[in-house]
Amino acid sequence: MKTLARLFAAAATFVVLTAAPTARAAEETYPTDQVLGRPDAPLTIIEYASTTCGHCATFNKTVLPRVKAEWIDTGRAKLIFRDYPTGPHALSLGASMIPHCAGPDRYFGLLGLIMDQQERWMGSANPLAELKKLSKLAGMGEDKVDECLRRQDLANALEARARDAFEKRGIDGTPAFIIDGKVLPGARPFEEIDKALKAASK
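Residues numbered from 1 in each chain as written. Predicted model: local features only at pLDDT ≥ 70, side-chain atom pairs only at ≥ 80, totals over all residues. Heavy atoms only, no water.

Going by what an unreviewed UniProt entry lists, the protein is known as Thioredoxin and is assigned to Magnetospirillum fulvum. You can read under Function (unreviewed entry) in the UniProt record for the protein the words "May be required for disulfide bond formation in some proteins." Entered under Sequence similarities (unreviewed entry) in the UniProt record, the comment concerning the protein runs "Belongs to the thioredoxin family. DsbA subfamily." (UniProt positions renumbered as here; feature names shortened; annotations may be inferred.)

Counting 26 residues, the largest nonpolar core has I45 and L197 as its most contacted members. Where this core is concerned, the elements lending two or more residues are β2 (43–49), α2 (54–72), β3 (77–83), α4 (107–116), β4 (176–179) and α9 (190–200). Broken down by element, this core gets its largest block of residues, eight residues, from α2. Ignoring anything within four residues of it in the chain, the contact list for I45 reads V67, A77, K78, L79, I80, F177, I178, I179 and L197. (Core = buried A, V, L, I, M, F, W, Y, C linked by side-chain atoms within 4.5 Å. Buried < 20%, exposed > 50% of the residue type's maximum accessible area, 1.4 Å probe, protein only. Helix = DSSP H or I, 4+ residues; strand = E, 2+ residues; numbered from the N terminus. Contact = heavy atoms within 4.5 Å.)

With the rule as written, the count across this model stands at one disulfide. Paired through a disulfide, C101 and C148 show a sulfur-sulfur distance of 2.1 Å. Its S-S torsion of approximately 80° makes the covalent link between C101 and C148 right-handed. Here C101 is found in helix α3 (residues 89–102), whereas its partner C148 is found in helix α7 (residues 142–149), with 47 residues between them in sequence. Per residue, the accessibility class of C101 equals that of C148, and both read buried. (Disulfide = S-S within 2.5 Å.)

Applying the stated criterion to the full structure yields 16 salt bridges. With a closest N to O distance of 2.7 Å, K168 and E28 form a salt bridge. Of this pair, K168 sits in helix α8 (residues 152–169) while E28 sits in the loop between α1 (4–7) and β1 (34–36), placing them 140 residues apart in sequence. The salt bridge partner of K168 is D164, with a shortest N-O separation of 3.7 Å. Of this pair, K168 and D164 both sit in helix α8, separated by four residues, roughly a single helical turn. With relative accessibility at 29%, the residue K168 sits in the partly exposed group. Taking the relative accessible area as the measure of exposure, D164 reaches 18% and is therefore buried. Residues joined by salt bridges that share partners form a network here, namely D33, R82, D83 and R161. (Salt bridge = Lys/Arg side-chain N within 4 Å of Asp/Glu carboxyl O.)

Among all residues save glycine, negative phi is the norm, and among peptide bonds the norm is trans. Residue P88 follows G87 across a cis peptide bond; omega there is -15°. With respect to the element layout, P88 can be found in the loop between β3 and α3. For the bond running from T174 to P175, omega is -10°, close enough to zero to count as cis. Relative to the helices and strands, P175 is located in the loop between α8 and β4. Non-glycine residue D180 carries a positive phi angle of around 55°. Here D180 shows up in the loop between β4 and β5 (182–185).

Given below as structure tokens:
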């Protein structure tokens, strides 16, 4: 089986999910969930996003800072981030794996760099080399990135969680959000996220 590191050079596979959405499922947690904010915050935002999704990168740069300042940093809500790899699939999955290997304390910092610099590394002739440069800022050397991309257990876990999102929650694109059990598909401005959180807090 080819490793993800070797697949970066020819990442052109796109997974298309076409089944109809299912009824809302009871919320589950996963070992790969990453939590931003206080774990005991009364409200939960679940974000499904892809490292190669332009709308996801825009949300990270323009909407998330306001959500963080007004809801997460104040302890009123926490955000659970869940990877949902899209196309090019190997590239998206690999870029999702790397922050997990940086460790929980550096996860969101490295993920933020990957999202902020998305156009640069995706448009590069060698995306993996650019991702390694970003990873170095989080204390990950090239060897550690290569080792991370060989972790089939991590790749399988992220893929399984994304499949659950599709099969159990009807999520078929990114970004998508779950607030108070309700799925909000597509890119959302701060005002809509804020409105949903205020409704859930009543």
